[in-house]
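For reference, the chains in residue letters:
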Amino acid sequence: MLRQSIAFTLATLALVGCEAMPTKESDTLTDITQLTTGFEKAGEAYFSNDVKWVIFQATPRGEAQYQMYVAPVVSERGEIAGLKRPVRISPSPSRNTCGYFSPDGNSILFGSTAGKEAADDPNAARPGYQRSSGSYRWDFSQNMEIFRADDWQGAMAGAEANPAFDFAKHAVTDNGAYDAECSFSPNGKFIVFASNRDADAQHQSDVDLYVMHADGSHVVRLTTAPGYDGGPFFSPDGKHITYRSDRKGNDLLQVFTADLVFDEAGEITGIANELQLTNGKDVNWGPYWHPTGKFIIYASSAVSHQNYELFMTRADGRRDCRITFANGFDGLPVFSPDGRYLMWTSKRTADNTTQIFLAKFKVPGYLRRGD
């Protein structure tokens, strides 16, 4: 009986330990690896569905603006070991952001000023919502459009042989407004994105969320509140979205989710049941779904504006916890489709540049508790 009691107590303590709130990175992250080097800065990376490729934006040495890159993933004994040489797929001059793979891997999306730089300032800041040393800034270039490149792998030979090879040839949007921050739905039918196409000249930072078919048709506006809504992603089941919003107009982004509304034909007609997951005096942004659809990871200034860290919340908002515990910026987190890896942008580098990092990941038991 005593032996059974001791065994029960030890099992209980182990369970409690597994469900404790993380207090260090090793509670959730192992085998942390730097994936990119040699860039002035690199970030916002996403996996292809087969985890064989990564798309990301980076500023080459000697240049001022983000360019778009793809790189093959190196696997060793079934584990991700790094990236092969990245290949630039955006033309010069241009500014680029928000690359994403289609679910079938045949197409890639990204926002670019390609073909419009003659009407733009090539030294302008990169697009979107930006954080600087101690403040926030909004840069919404009216020359930013969404491009889709099909059969991009077949064209890779041309890109490798020609550094100026241009994948930005098929403009999905072309309307003289800021169109960017785009991603595919899990079935590949829809693209959700951010745009100020309906804002007047005095309120260009009034950015809303829209959805359209993958060919750019059937555009539907999803949000109408004043201020900025951006960075949207579909949930793994395609029934919800998560995004960031300056809904209070105080430059403090917060994380939201909403249900998508469909008609009988399966077309998206709007959103419902909007839920705000974060609040307070912090900037909370860059949300991304865990493959289970039960959790959302995001970056927050809760520690300090100079030390953004990653946090994770249940999708119902009932509980959240901290994931990273390192000095410097950690943000723009994404999961591999199988949930085994977390990839994010970090300044935890030896040369103090912002680069892309990878780690094996496990969901904290603290968040699972109550399921």
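Residues numbered from 1 in each chain as written. Predicted model: local features only at pLDDT ≥ 70, side-chain atom pairs only at ≥ 80, totals over all residues. Heavy atoms only, no water.

Draft legend 1. Representation of the overall build of the protein chain in the model. Looking only at helices and strands, one finds 3 helices and 26 strands in the protein chain. Out of the 371 residues belonging to the protein chain, those deemed buried represent 52%. A total of about 16000 Å² of accessible surface is found on the protein chain, and carbon and sulfur atoms cover 50% of it. (Helix = DSSP H or I, 4+ residues; strand = E, 2+ residues; numbered from the N terminus. Buried < 20%, exposed > 50% of the residue type's maximum accessible area, 1.4 Å probe, protein only. Areas by Shrake-Rupley, 256 points an atom, 1.4 Å probe, with all protein chains shown as cover.)

Draft legend 2. Structural view of the sheet that holds strand β12 (residues 179-184). Taken together, 4 strands build an open sheet; the order of strands is β12-β13-β14-β15 and the sheet is antiparallel. Since the sheet does not close on itself, it has two edges, and those belong to β12 and β15 (220-221), each with one partner. In this sheet, strand β13 (residues 190-195) lies alongside β12 in antiparallel orientation, the contact comprising 4 bridges. Paired with Phe184 across the strands is Ile191, a residue of β13. (Pairing = 2+ DSSP bridges.)

Draft legend 3. Representation of the nonpolar core. By size, the foremost hydrophobic cluster in this structure holds 100 residues, and its most contacted members are Phe56, Trp152, Phe167, Met312, Ile323, Leu342 and Met343. Sequence-distant contacts of Phe167, that is, excluding residues within four places in its chain, are made with Ile89, Ile108, Phe110, Ala149, Trp152, Ala155, Met156 and Ala159. (Core = buried A, V, L, I, M, F, W, Y, C linked by side-chain atoms within 4.5 Å. Contact = heavy atoms within 4.5 Å.)

Draft legend 4. Region of the structure containing the packing of aromatic side chains. Scanning the entire structure with this criterion turns up 20 aromatic pairs. Both rings, one in Phe140 and one in Tyr178, keep their centres 4.9 Å apart while their planes meet at 70 degrees; by these two values the pair is edge-to-face. Within this pair, whereas Phe140 is found in the loop between β10 (136-139) and β11 (145-150), its partner Tyr178 is found in the loop between α2 (156-161) and β12, the two being separated by 38 residues in sequence. Residues Phe140 and Tyr178 agree in their burial class; the two are buried. (Phe/Tyr/Trp six-rings, centres within 6.5 Å; stacked < 30°, edge-to-face > 60°.)

Draft legend 5. Representation of the sheet that holds β11 in the model. One open sheet holds the 3 strands; their spatial order is β7-β8-β11, and the pairing between them is antiparallel. In this open sheet, the two strands that pair with only one neighbour each are β7 (96-101) and β11. Taking the axes of each pair of neighbouring strands and ignoring which way they run, one obtains an average angle of 20 degrees across the sheet. As paired strands, β7 and strand β8 (residues 107-112) are joined by 4 bridges and run antiparallel to one another. Looking across to β8, one finds that Thr97 is bridged to Gly111. (Axes fitted to C-alpha atoms, helices over the stretch in contact; angles between N-to-C directions.)

Draft legend 6. Seen up close, the pattern of salt bridges. One pass over the full model with this rule turns up 21 salt bridges. We note a salt bridge from Asp31 to Lys360, for which the minimum N-O separation is 3.2 Å. Of this pair, Asp31 sits in strand β1 (residues 29-34) while Lys360 sits in strand β26 (residues 355-361), placing them 329 residues apart in sequence. Between Asp150 and Arg148 there is a salt bridge whose closest N-O contact spans 2.8 Å. The network of salt bridges with common partners includes Asp31, Glu79, Arg340 and Lys360. (Salt bridge = Lys/Arg side-chain N within 4 Å of Asp/Glu carboxyl O.)

Draft legend 7. Quick peek at unusual backbone geometry. With an omega of 0 degrees, the peptide bond between Ser92 and Pro93 qualifies as cis. Position of Pro93 relative to the elements: it lies in the loop between β6 (87-88) and β7. The phi angle at Asp31 is positive, at roughly 55 degrees, despite the residue not being glycine. The backbone of Val51 sits at a positive phi, close to 60 degrees, despite the residue not being glycine.

Draft legend 8. Main features of the environment of Pro287. Following the sequence through the fold, Pro287 ends up in strand β20 (residues 284-289). Classification of Pro287 as buried rests on a relative accessible area of 0%. Separated by 23 residues in the primary sequence, Pro287 and Leu310 have C-alpha atoms spaced 9.8 Å apart. Sequence-distant contacts of Pro287, defined by excluding residues within four places in its chain, comprise Phe233, Thr242, Tyr243, Arg244, Val255, Ile296, Ile297 and Tyr298.

Draft legend 9. Expanded view of the side chain of Ser90. Relative to the assigned elements, Ser90 resides in the loop between β6 and β7. When residues no more than four places from it in sequence are discounted, the contact partners of Ser90 are Gln67, Met68, Asn96, Phe110 and Phe165.

Draft legend 10. Local environment of the pairing of β11. The element β11 is extensively covered by neighbouring structure, given that 5 of its 6 residues are classed as buried. Judged from the 6 bridges that link them, β8 and β11 form a sheet pairing that is antiparallel. Bridge pairing in β11 places Ser107 opposite Asp150.

Draft legend 11. Representation of the environment of Val87 within the structure. Within the secondary structure, Val87 sits in strand β6. For Val87, a relative accessible area of 3% corresponds to the buried category. Taking the C-alpha atoms as reference points, Val87 and Met68, 19 residues apart in sequence, are found 8.5 Å from one another.

Draft legend 12. Summary view of the side chain of Ser195. Mapped onto the elements, Ser195 comes out in strand β13. Classification of Ser195 by relative accessible area gives buried; the value is 1%. Among the polar contacts made by the side chain of Ser195, one reaches the main-chain amide nitrogen of Arg197 at a distance of 3.0 Å. In this view, Ser195 contacts Ala177, Tyr178, Asp179, Asp206, Val207, Asp208 and Tyr210; residues no more than four positions away in its chain are not counted. (Polar contact = N/O pair within 3.5 Å; in protein donor to acceptor, adjacent residues only side chain to side chain.)

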